[in-house]
Amino acid sequence: QLERILRVVFYWRYVAMAATVMVASLAVGLVLGGKVPFVLLQSMDDGVFNWSIEMVAGTPVETTVAAVGELERVTRELPEVRSVLSAVGTAFYNGQGKDPAADPATVAQLSVELLSAEERQRKGMRGIAEVRAELQRRTSGIGDIRRMSFVSSPRRDIEVVVYGERLDMLAG
């Protein structure tokens with residue numbers, strides 16, 4: 001079967017070469033003309049991320065609840081956000097376990113679901129990285145928050161948390 005095809009192609013080699021050049025030119029023209037988008041690595045934007053918050057040690061639960069309420073309000077204001085679920089008193093990191101904070105009143109977590117990536121792209125909205133950057137910008141002055149971290153899937157962020165009295169020793 002293959003031998004027969006190769007015989008025909010070699011017999012009509014100039015026609016085969018012209019057809020190959022024509023198909024390659026068509027493919028390049030479709031990409032350069034914007035009809036077919038060129039995507040080297042597809043975005044892993046699943047539109048869901050967790051936002052873990054840790055307040056300063058000794059913060060009363062009422063203050064934590066108020067700060068989380070403000071964070072939730074600011075998050076809901078973004079047009080890309082579909083839903084927000086918050087929990088005070090517990091936080092999970094990377095889906096691997098609970099936050100090691102000694103006082104549950106100082107930790108919280110917001111689970112944020114964005115519109116689908118296709119819907120956001122169709123409406124000209126931002127991607128997950130831009131939404132996270134905007135949230136960090138808008139919430140920089142809320143409460144006595146000691147640490148905020150975003151964790152999204154399927155890409156796993158690497159987060160290193162260092163506790164101690166003499167953190168200045170790490171700078172050297």
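Coordinates for the structure precede this section.
Note that the coordinates shown come from a computational prediction; the quantities given were computed from them, not determined experimentally.

Reading the values: the criteria
- Residues numbered from 1 in each chain as written.
- Predicted model: local features only at pLDDT ≥ 70, side-chain atom pairs only at ≥ 80, totals over all residues.
- Heavy atoms only, no water.
- Buried < 20%, exposed > 50% of the residue type's maximum accessible area, 1.4 Å probe, protein only.
- Helix = DSSP H or I, 4+ residues; strand = E, 2+ residues; numbered from the N terminus.
- Pairing = 2+ DSSP bridges.
- Contact = heavy atoms within 4.5 Å.
- Polar contact = N/O pair within 3.5 Å; in protein donor to acceptor, adjacent residues only side chain to side chain.
- Phe/Tyr/Trp six-rings, centres within 6.5 Å; stacked < 30°, edge-to-face > 60°.

Engineer: Describe the pairing of strand β1 (residues 48-55), naming the residues involved and giving the relevant values.
Structural biologist: With respect to burial, β1 is a largely interior element, 6 of its 8 residues being buried. Sheet topology places β1 next to strand β5 (residues 107-114); 7 bridges connect them, and they run antiparallel. In the strand pairing of β5, asparagine 50 is matched with serine 111.

Engineer: Break down the environment of threonine 59 for me, with residues and values.
Structural biologist: With respect to the helices and strands, the residue threonine 59 is situated in the loop between β1 and α3 (61-77). Judged by relative accessible area, which is 9%, threonine 59 ranks as buried. Sequence-wise, threonine 59 and aspartate 103 are 44 residues apart; in three dimensions their C-alpha atoms are separated by 8.9 Å. Sequence-distant contacts of threonine 59, that is, excluding residues within four places in its chain, are made with Thr64, Asp103, Ala105 and Thr106. Reaching out from threonine 59, the side chain makes a polar contact with the backbone oxygen of valine 56 at a distance of 2.5 Å.

Engineer: Would you mind going over the packing of aromatic side chains in detail, with residue names and values included?
Structural biologist: Applying the stated rule across the entire model yields 1 aromatic pair. Measuring from ring centre to ring centre gives 5.3 Å for tyrosine 11 and tryptophan 12, while their planes differ by 80°; the resulting arrangement is edge-to-face. The exposure class of tyrosine 11 is exposed, given its relative accessible area of 63%.

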